[in-house]
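This is what each chain is made of:
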Amino acid sequence: MGGARTKRMPRAVREQQMLDAAVRIFGQRGYMAASMDEIAELAGVSKPLVYLYLNSKEDLFTACIRRESTALTQAVRAGVRPDRPADRQLWDGLLAFFAHTAEHPDAWSVLHLQARTHGEPFASEVAAMRTEIVAFVTRLVAVAAREAHRDPDLAEGEVAGLAEALVGAAESLAAWANTTPGVTARQAAGTLMNFAWSGLGNLMRGNRWTPPAEET
């Protein structure tokens, strides 16, 4: 039994172990189909201990959303160096996003599919994450657009719209990349970078933006 394997360890460590198991089960089976018995078994603990630590299935799912939202936003922010040119900042941000979602497909399923399709309070949690990412991308787009067009008065509404479009495209592309064999994070980032940076017209004419050489 799961409870028989329970060993004494700090509560914070045990809780993360439970969240790891929950993200995997929720991501692969979905919120409704996932059971607390499965989660407890995978975590190597008893079901009563899961309830003791995280109260309910709803609270457990909310905790998973919050943890994975924080991890994703931190990964994107950490991937961008403000001392680099505007196109490189945008590329680095996209690459960080696609790398993280590729490395954590169950977490991305929880955020992109499960949290959004089961109503409140889950939808609000993931919406807060998205708002933070859009705000960050808005700043990147503003820098990139103004540097490219030499226009310090570029309309804020236009920049915000571009950021929303870029984030929406990244979300859809990540979902596709994670379910399409052979598509790497770098390829997905390159596809979106070409679309966003070069523009569809330039892309159709063969004027492609080339990603930097891989760093060692």
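Note: the structure precedes this text.
The text that follows walks through the structure, step by step, so that each part is easy to find. (Residues numbered from 1 in each chain as written. Predicted model: local features only at pLDDT ≥ 70, side-chain atom pairs only at ≥ 80, totals over all residues. Heavy atoms only, no water.)

A word on empty space enclosed by the protein
Working step 1: Applying the stated rule across the entire model yields one cavity of 30 Å³ or more.
Working step 2: Sorting the residues of the lining of the largest cavity by element identifies helix H5 (86-103), helix H7 (122-149) and helix H8 (156-178) as the ones contributing at least two each.
Working step 3: Looking at side-chain class alone, the lining of the largest cavity contains eleven nonpolar, one polar and no charged residues. (1 Å grid on protein atoms, 1.4 Å probe; cavity = no way out; pocket = protein on both sides within 12 Å on 5 of 7 lines; lining within 4 Å. Points joined across faces, edges and corners; volume = space filled by probe spheres on them. Helix = DSSP H or I, 4+ residues; strand = E, 2+ residues; numbered from the N terminus. Nonpolar A, V, L, I, M, F, W, Y, C, P; charged D, E, K, R; others polar.)

Things to note about the nonpolar core
Working step 1: Grouped together as the largest cluster of nonpolar side chains are 60 residues, with contacts concentrated most on Met-18, Phe-26, Ile-39, Leu-60, Leu-72, Phe-97 and Phe-98.
Working step 2: In this structure, Ile-39 is in contact with Met-18, Ala-21, Ala-22, Ile-25, Phe-26 and Leu-60, ignoring residues within four places of it in sequence. (Core = buried A, V, L, I, M, F, W, Y, C linked by side-chain atoms within 4.5 Å. Buried < 20%, exposed > 50% of the residue type's maximum accessible area, 1.4 Å probe, protein only. Contact = heavy atoms within 4.5 Å.)

Side note on the environment of His-118
Working step 1: Relative to the assigned elements, His-118 resides in the loop between helix H6 (105-117) and H7.
Working step 2: Using a relative accessible area of 26% as the deciding quantity, one classes His-118 as partly exposed.
Working step 3: Sequence-wise, His-118 and Tyr-31 are 87 residues apart; in three dimensions their C-alpha atoms are separated by 7.9 Å.
Working step 4: Ignoring any residue separated from it by four or fewer positions in sequence, one finds His-118 in contact with Tyr-31 and Met-32.
Working step 5: At a separation of 3.3 Å, a polar atom in the side chain of His-118 contacts the side chain of Gln-114. (Polar contact = N/O pair within 3.5 Å; in protein donor to acceptor, adjacent residues only side chain to side chain.)

Comments concerning unusual backbone geometry
Working step 1: Notably, Asn-55 is not glycine yet its phi reads approximately 75 degrees, a positive angle.
Working step 2: On the secondary structure map, Asn-55 appears in the loop between helix H3 (47-54) and helix H4 (57-79).
Working step 3: Residue classification places Asn-55 among the exposed positions, given a relative accessible area of 54%.

Some details on the side chain of Ser-69
Working step 1: Within the secondary structure, Ser-69 is located in helix H4.
Working step 2: With a relative accessible area of 8%, Ser-69 lands in the buried category.
Working step 3: Polar contacts involving the side chain of Ser-69 include one to the main-chain carbonyl oxygen of Ile-65, which spans 2.7 Å.
Working step 4: Contact partners of Ser-69, with chain neighbours within four places excluded, come to Leu-111 and Met-129.

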